[in-house]
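Structural characterization, general
What follows is each chain in one-letter form.
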Protein chains: 2
Amino acid sequence: MKRKISLLTSAVCLSLASSVAMADALRDRASALFEAIPQEPPVIEGNELTPEKVELGKMLFFEPRLSASHLISCNTCHNVGFGGDDYLPVSIGHGWQKGPRNAPTVFNAVFNAAQFWDGRAADLAEQAKGPVQAGVEMSSTPERVVDTLNSMPDYIERFKASFPGEADPVTFDNMAIAIEAFEATLITPNSPFDLWLNGDDAALNDEQKEGLALFMDKGCAACHAGVNFGGQNYFPFGLVKRPGADILPEGDRGRFEVTQTATDDYVFRAAPLRNIELTAPYFHSGAVWDLEEAVSVMGVAQLGAELNDDQVHKIAEFLRTLTGDVPTVVYPHLPPSTRTTPRPVSMMNPDY
Amino acid sequence: MKRKISLLTSAVCLSLASSVAMADALRDRASALFEAIPQEPPVIEGNELTPEKVELGKMLFFEPRLSASHLISCNTCHNVGFGGDDYLPVSIGHGWQKGPRNAPTVFNAVFNAAQFWDGRAADLAEQAKGPVQAGVEMSSTPERVVDTLNSMPDYIERFKASFPGEADPVTFDNMAIAIEAFEATLITPNSPFDLWLNGDDAALNDEQKEGLALFMDKGCAACHAGVNFGGQNYFPFGLVKRPGADILPEGDRGRFEVTQTATDDYVFRAAPLRNIELTAPYFHSGAVWDLEEAVSVMGVAQLGAELNDDQVHKIAEFLRTLTGDVPTVVYPHLPPSTRTTPRPVSMMNPDY
């Protein structure tokens, strides 16, 4: 009896030791591919994150008067109460027009190599200028924005404090730089995966670890790696097998529209997968609501692999461990309009 | 020389004494008509403001999935970053439709005798059910709202915690009660006027005090009194002289549409004037952007008095002292949709 117990104990010990070794091996593989979200925002070259600038950027992020209608702000489509986007297939903009692609999340966007699904903006400041001017989004102009901001003394003071030494700090470019500064603070550390990556064995359960192993073994991590699990490089959607037009609309040729290069046809930036649980629906078309379905579609389209239900489930469960601490944002108080603030305009009534 | 100084000192003393007496007299008159905003939210009969309920109400206030489009929340038109409304003549709602009247501020709305410009809702809970269902606003239904909330486990738990002892707490009525609880916290104490009313002589300057005296002497306070400087009673717009159709559109007959009583023709709730500086444009039509112009229009329409520029300016300067400490609101984190959450719909594409 004693011997049996002893054998059992040895077996348990052996199994534990082997399990620890396997966990370490899995962590070593993961560490070579991925990186935890840091606790503090990164340094942005040429854009120091001063408290004044971050606060100004927050006000501008929530400022509907950057849109022609005075209805739409950055937060309308990149909602900090959701996962940093709008839970819509494509966003609704000026005049209730629909945007061409699913709104990407603003959370951790500072870690992407470039912005937009086609990477046409090099950084968040360049990105911020796009929607403000896009006819289907905020439909304003740089002149109107500068007139609007200059009409409110509080904004003028804040631009001065945020861009000290500049003779004329209230500019469209500085608006974008301040928004970038705020957005750089919207990072989501401490996801279960990150805690595990940093050594907390209990942060992931076995199923989630199996999902992680599958994510690496099956090739998902070839495109979705780095600190953001994506957002670094461009790949054809349908690398192996092109999905149907419901998921990959034929009219949207992706990065080809930026580069006019044949090899960029239907090429998109690999979606960052951080907080993916909070950012449905999926793909640039926003056509798929279900995370399991999205994983399955990716298997066929990008890997040529029919993942079975168990594999899909485990990968999805792993992806749900990428949800971090979403930022705490105090709603900013915006200054009142003045007599010289441009009035809201509407497509339906130009006088309004 | 000595005597001259002495005389001068006496004169100054006399003038000071008289000034103090006048200030006290002004305060006595004001105290009989107005009341300071309290530091804490009021008690609402039948709706205890528990922390759980207030937090749930905040989430619902910011919840775009209460609208059919998943784009519009209470905060869209009652923006806590502005003066509790949207700085638009009339709000933009579902399908970019325009609402019929200017959005009233949510700040201090708990102190109004009834809600909406025509008082058709007795309290904030009844009010909250209106825009959620209105076709031109959020365009949802009670069934859809309940299905939406029941699809997210986090909301179910929060309703249970907010309405303990109820067998089926996730109801449309409880949604409204929770929103009322949050809105009751959106009060703005410590305005310069309130500080002065409570004894701080320096909180108002002479011009502002002259404006206050004019506000009472000219008759403005006959309708705009109480804690909210209005919001308590109904009066015809154009009591003395009906304004033009640009300010008082003929198609909107106000409270007549609620009561079908001839004496209620073009009758509206006297607008609460708290934070009026932050809630342009003015009137139910939202037709006037300028506070001085609004005061002038009111003089002619309600009092039959052509106020001169100096009087208008002083009254407006006084009204600007009604701006209090606007609430600090931490943006709530909303739970992710699930497989059973109803999907957004759009007028332009029912599949979307």
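About the criteria used
- Residues numbered from 1 in each chain as written.
- Chains lettered and ligands numbered in written order.
- Predicted model: local features only at pLDDT ≥ 70, side-chain atom pairs only at ≥ 80, totals over all residues.
- Heavy atoms only, no water.
- UniProt positions renumbered as here; feature names shortened; annotations may be inferred.
- Contact = heavy atoms within 4.5 Å.
- Helix = DSSP H or I, 4+ residues; strand = E, 2+ residues; numbered from the N terminus.
- Least-squares fit on C-alpha atoms with pLDDT ≥ 70 in both.
- Buried area = accessible area lost by both parts, 1.4 Å probe.
- Salt bridge = Lys/Arg side-chain N within 4 Å of Asp/Glu carboxyl O.
- Polar contact = N/O pair within 3.5 Å; in protein donor to acceptor, adjacent residues only side chain to side chain.
- Nonpolar A, V, L, I, M, F, W, Y, C, P; charged D, E, K, R; others polar.
- Core = buried A, V, L, I, M, F, W, Y, C linked by side-chain atoms within 4.5 Å.
- Buried < 20%, exposed > 50% of the residue type's maximum accessible area, 1.4 Å probe, protein only.
- Domains from an automatic or database assignment.
- Expected span 1.5 Å × (residues − 1).

Some words on the UniProt feature "binding site: heme c 2" (unreviewed entry) in chain A
Residues and elements named next belong to chain A.
- Feature annotation in UniProt assigns "binding site: heme c 2" (unreviewed entry) to the following positions: Cys 220, Cys 223, His 224 and Met 298. The largest pairwise C-alpha distance within this set of annotated residues, which runs over 79 residues, is 11.4 Å, so the set is compact in three dimensions.
- Beyond its immediate stretch of four places on either side in the chain, Cys 220 contacts Phe 215 and Leu 303.
- Tracing the chain through its elements places Cys 223 in the loop between α9 (206-217) and β1 (234-236).

Notes on unusual backbone geometry
- Backbone torsion omega between Ala 280 of chain A and Pro 281 of chain A reads -10°, so that peptide bond is classified as cis.
- Inspection of the secondary structure puts Pro 281 of chain A in the loop between β2 (267-269) and α11 (291-303).
- Residue Trp 96 of chain A is not a glycine yet carries a positive backbone phi of 65°.
- Secondary-structure assignment places Trp 96 of chain A in the loop between α3 (74-77) and α4 (124-133).
- Here the phi dihedral of Gln 260 of chain B falls at roughly 55°; this positive angle occurs in a residue that is not glycine.
- Tracing the sequence through the fold places Gln 260 of chain B in the loop between α10 (256-259) and β2 (267-269).

Some words on the relation of the copies chain B and chain A
- With an RMSD of 0.0 Å, the fit of chain B onto chain A corresponds to turning through 180° and sliding 0.0 Å along the axis. Both copies are brought into coincidence by an operation consistent with a two-fold rotation axis. Considering only C-alpha atoms, the residue of chain B closest to the rotation axis is Val 330 of chain B, which sits at 2.1 Å.
- Looking at the interface residues of chain B, 100% of them are also at the interface in chain A, so both copies use one shared face.

With respect to the interface of chain B and chain A
- With 50 residues of chain B in contact, the opposing surface of chain A contributes 51 residues.
- Counting the surface lost from both chain B and chain A, the interface buries some 4200 Å², and carbon and sulfur atoms represent 66% of this.
- Counting every contact that joins chain B to chain A gives four salt bridges.
- A salt bridge links Arg 339 of chain A to Glu 292 of chain B, with the shortest nitrogen-to-oxygen separation between them at 3.0 Å.
- At the boundary of chain B and chain A, one finds 16 residue pairs in polar contact (both at pLDDT 80 or more).
- Broken down by class, the residue content of the side of chain B that touches chain A amounts to 26 nonpolar, 15 polar and nine charged.

Details of the nonpolar core
- Met 175 and Phe 193 of chain A together with Met 175 and Phe 193 of chain B are the most contacted members of the largest nonpolar core, which has 172 residues in total.
- The contacts of Phe 193 of chain A, once residues within four sequence positions are left out, are Ala 30, Phe 34, Leu 204, Leu 212, Phe 229, Arg 274, Phe 318, Thr 321 and Leu 322 of chain A.

A closer look at the UniProt feature "domain: Cytochrome c" (unreviewed entry) in chain A
Residues and elements named next belong to chain A.
- Here the UniProt-annotated "domain: Cytochrome c" (unreviewed entry) positions come out as residues 52-160 and 206-323.
- With 38% helix and 0% strand, the stretch residues 52-160 has end C-alpha atoms that lie 10 Å from each other.
- As annotated, residues 206-323 comprises 34% helix and 5% strand, and the C-alpha atoms at either end are separated by 18 Å.

Remarks on the domain arrangement of chain A
Residue and element names in this part refer to chain A.
- Per the domain assignment, the segments making up chain A are domain 1 (21-39 + 189-321) and domain 2 (51-185).
- In this structure, domain 1 and domain 2 have C-alpha centres spaced 27 Å apart.
- Every contact between the two is made by 29 residues of domain 1 and, on the other side, 23 residues of domain 2.
- Both faces considered, domain 1 and domain 2 share a buried interface measuring about 2000 Å² in area, 51% of it formed by carbon and sulfur atoms.
- Together, Arg 269, Leu 278 and His 284 form the three largest contributors to the area buried by domain 1 at its contact with domain 2, with a combined 26%.
- Applying the counting criterion to the domain 1 and domain 2 interface returns ten residue pairs in polar contact (both at pLDDT 80 or more).
- Counting residues per element, the ones that place at least two in the side of domain 1 that touches domain 2 are α10 (256-259) and β2.
- For the side of domain 1 that touches domain 2, the class distribution of residues is 13 nonpolar, ten polar and six charged.

Side note on the pattern of salt bridges
- What the rule picks out here adds up to 40 salt bridges over all chains.
- Residues Lys 58 of chain A and Glu 55 of chain A are paired through a salt bridge, measuring 3.7 Å at the closest nitrogen-oxygen approach. Highlighted residues: Lys 58 of chain A and Glu 55 of chain A, both in helix α2 (residues 51-61), separated by three residues, approximately one helical turn.
- The exposure class assigned to Glu 55 of chain A is partly exposed, which follows from its relative accessible area of 31%.
- With a shortest N-O distance of 3.1 Å, Asp 118 of chain B and Arg 120 of chain B are connected by a salt bridge.
- Among the charged side chains, a network of salt bridges with common partners joins Arg 101, Asp 118, Arg 120, Asp 252 and Glu 257 of chain A.

A few points about helix α5 (residues 142-150) of chain B
- Those residues of α5 of chain B that sit buried are Arg 144, Val 145, Val 146, Thr 148 and Leu 149 of chain B.
- Turning to α5 of chain B, the residues buried within the fold contact α2 (51-61), α4 (124-133), α6 (153-162) and α7 (172-183) of chain B.

A word on α11 of chain A
Residue and element names in this part refer to chain A.
- Along its 13 residues, α11 runs 17 Å from first to last C-alpha, staying within 8% of the 18 Å computed at 1.5 Å per residue.
- If you check which residues of α11 are buried, you get Leu 291, Glu 292, Ala 294, Val 295, Val 297, Gly 299, Ala 301 and Gln 302.
- Contacts made by the buried residues of α11 are with β1 and α12 (309-319).
- The N-capping residue of α11, defined by a side-chain oxygen 3.2 Å from the backbone nitrogen of Glu 292, is Asp 290.
- Two residues or fewer past α11, Gly 304 is found with a positive phi of approximately 65°.

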